[in-house]
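Chain by chain, the residues run as shown.
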There are 2 protein chains.
Amino acid sequence: MSSSKSFPGKCQQSLADHMRPDLFKALCDPVRISIVATLAAQAESQTVGDLTECCGIDFSGVSRHLKILREAGVVNADKNGREMLYSLKTEELAETLHAMADALIGCRDIA
Amino acid sequence: MSSSKSFPGKCQQSLADHMRPDLFKALCDPVRISIVATLAAQAESQTVGDLTECCGIDFSGVSRHLKILREAGVVNADKNGREMLYSLKTEELAETLHAMADALIGCRDIA
DNA sequence: GAAACATTTGCATGTTTGCGCAAATGCACT
DNA sequence: AGTGCATTTGCGCAAACATGCAAATGTTTC
């Protein structure tokens, strides 16, 4: 009800809530995109060592990138013995992107 | 056909194509998100001066942010006399986000 | 306990980024 | 031509970022 009442302020707020700059920041680096793409293409979780192969940098850098992705909620991290298993939060990420798109379209309809 | 054949390499490529770090880079800044949200909430195009109100920085900075958004394909820029009218490419942006989400889910299904 | 291994963290360095200010550009109006 | 307004661009600076190397942490295996 009344969702068709023109109320740009509310829409702006809702958009600001949905569009998460921190998530975009996590995904704005080519190396991190490379990591995400590699994880998406593999059914099994990957170790830092595995993921180091896909991006041409030192594994310490990969570890740092993974930390950023983890904190942004893009990947899961599970400790298995001395190695760390990283996997993509595919569903959540896709849902978040969808929600952003929907919020945009919703704003267009209101405004 | 054969889209269900397990082919992680292809998926990784397709994802790398869809996930555009440059777009994420354009959207990773709070001020730029603020601009996007403001544009989304308004039916009419906005000038640089208008948009300067929403984000608490100098208009020269706003102009620079708008350039970044323009080059990333997030906003339209139309010159009208001595002022510049900016509007959000709502459809394209929403479509791009959807495509990313779909590519992610597609990868999950294949891998 | 010691050695080997996977990952994280501290540190130094070069690069990028966002910002304000001031100058430059472009356009309208008289 | 000349003045005024909107926007862009050049410059300098401080903060943030990505990276490699080396040291530290945690874990397995012998």
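Since the model is a prediction, treat every value here as computed from it, not as a measurement. (Residues numbered from 1 in each chain as written. Chains lettered and ligands numbered in written order. Predicted model: local features only at pLDDT ≥ 70, side-chain atom pairs only at ≥ 80, totals over all residues. Heavy atoms only, no water.)

1. A look at the overall build of chain A
- Within chain A one finds six helices and two strands.
- Of the regular secondary structure in chain A, the N- to C-terminal order runs α-α-α-α-α-β-β-α.
- A globule of 111 residues ought to have a C-alpha radius of gyration of about 13 Å, yet chain A, at 18 Å, is considerably larger.
- Long-range pairs, those at least 24 residues apart, make up 56% of the contacts in chain A with a sequence separation of at least 6.
- Accessible area of chain A: about 5,900 Å², with a carbon and sulfur share of 49%. (Helix = DSSP H or I, 4+ residues; strand = E, 2+ residues; numbered from the N terminus. Rg over C-alpha atoms; globule rule 2.2 N^0.38 Å. Contact = heavy atoms within 4.5 Å. Areas by Shrake-Rupley, 256 points an atom, 1.4 Å probe, with all protein chains shown as cover.)

2. Observations regarding the protein's contact with DNA strand D
- Lining the immediate environment of DNA strand D, one finds 25 residues, of which A:D58, A:R64, A:H65, B:S63 and B:R64 sit closest.
- The sugar-phosphate backbone supplies 57% of the atoms of DNA strand D found within 4 Å of the protein.
- One of the backbone N or O atoms of B:G49 is found 2.9 Å from a phosphate oxygen in DNA strand D.
- B:R64 places a polar side-chain atom, nitrogen or oxygen, 2.3 Å from a base oxygen of DNA strand D.
- Residue assignment for the surface near DNA strand D shows that the elements contributing at least two residues are α3 (30–40) and α5 (59–71) of chain A together with α4 (48–54), α5 (59–71) and β2 (83–88) of chain B.
- The element that contributes the greatest number of residues to the surface near DNA strand D is α5(B), accounting for five residues.
- Split by residue class, the surface near DNA strand D holds seven nonpolar, seven polar and 11 charged. (Near = heavy atom within 4 Å. Polar contact = N/O pair within 3.5 Å; in protein donor to acceptor, adjacent residues only side chain to side chain. Nonpolar A, V, L, I, M, F, W, Y, C, P; charged D, E, K, R; others polar.)

3. Topic: the interface of chain A and chain B
- Across the contact, 36 residues belong to chain A and 36 residues belong to chain B.
- Area buried by chain A at its contact with chain B is led by A:F24, A:L97 and A:L104, which between them contribute 17% of it.
- At the junction of chain A and chain B, the tally comes to two salt bridges.
- Put simply, B:E91 and A:R108 hold a salt bridge, and the shortest N to O gap is 2.2 Å.
- For the pair chain A and chain B, the interface holds three residue pairs in polar contact (both at pLDDT 80 or more).
- Those elements that provide at least two residues to the side of chain A that touches chain B are α1 (8–18), α2 (21–27), α3 and α6 (90–110) of chain A.
- Ranked by residues supplied to the side of chain A that touches chain B, first place goes to α6(A) with 13 residues.
- Residues of the side of chain A that touches chain B, tallied by class, amount to 26 nonpolar, five polar and five charged. (Buried area = accessible area lost by both parts, 1.4 Å probe. Salt bridge = Lys/Arg side-chain N within 4 Å of Asp/Glu carboxyl O.)

4. Concerning α5(A)
Residue and element names in this part refer to chain A.
- A rise of 1.5 Å per residue sets the reference length of α5, with its 13 residues, at 18 Å; its end C-alpha atoms lie 18 Å apart and thus fit the reference within 8%.
- Residues of α5 that are buried: G61, V62, H65, L66 and L69. Within α5, the buried residues cover an arc of 140 degrees as seen down the axis, which keeps them to one side. For α5, the exposed residues lying more than 90 degrees away from the buried face are R64 and E71.
- The secondary structure elements touched by the buried residues of α5 are α2, α3, α4 (48–54), β1 (75–80) and β2 (83–88).
- Backbone geometry just downstream of α5 places G73 in the positive-phi region, at approximately 80 degrees. (Expected span 1.5 Å × (residues − 1). Buried < 20%, exposed > 50% of the residue type's maximum accessible area, 1.4 Å probe, protein only. Arc of directions from axis to C-beta.)

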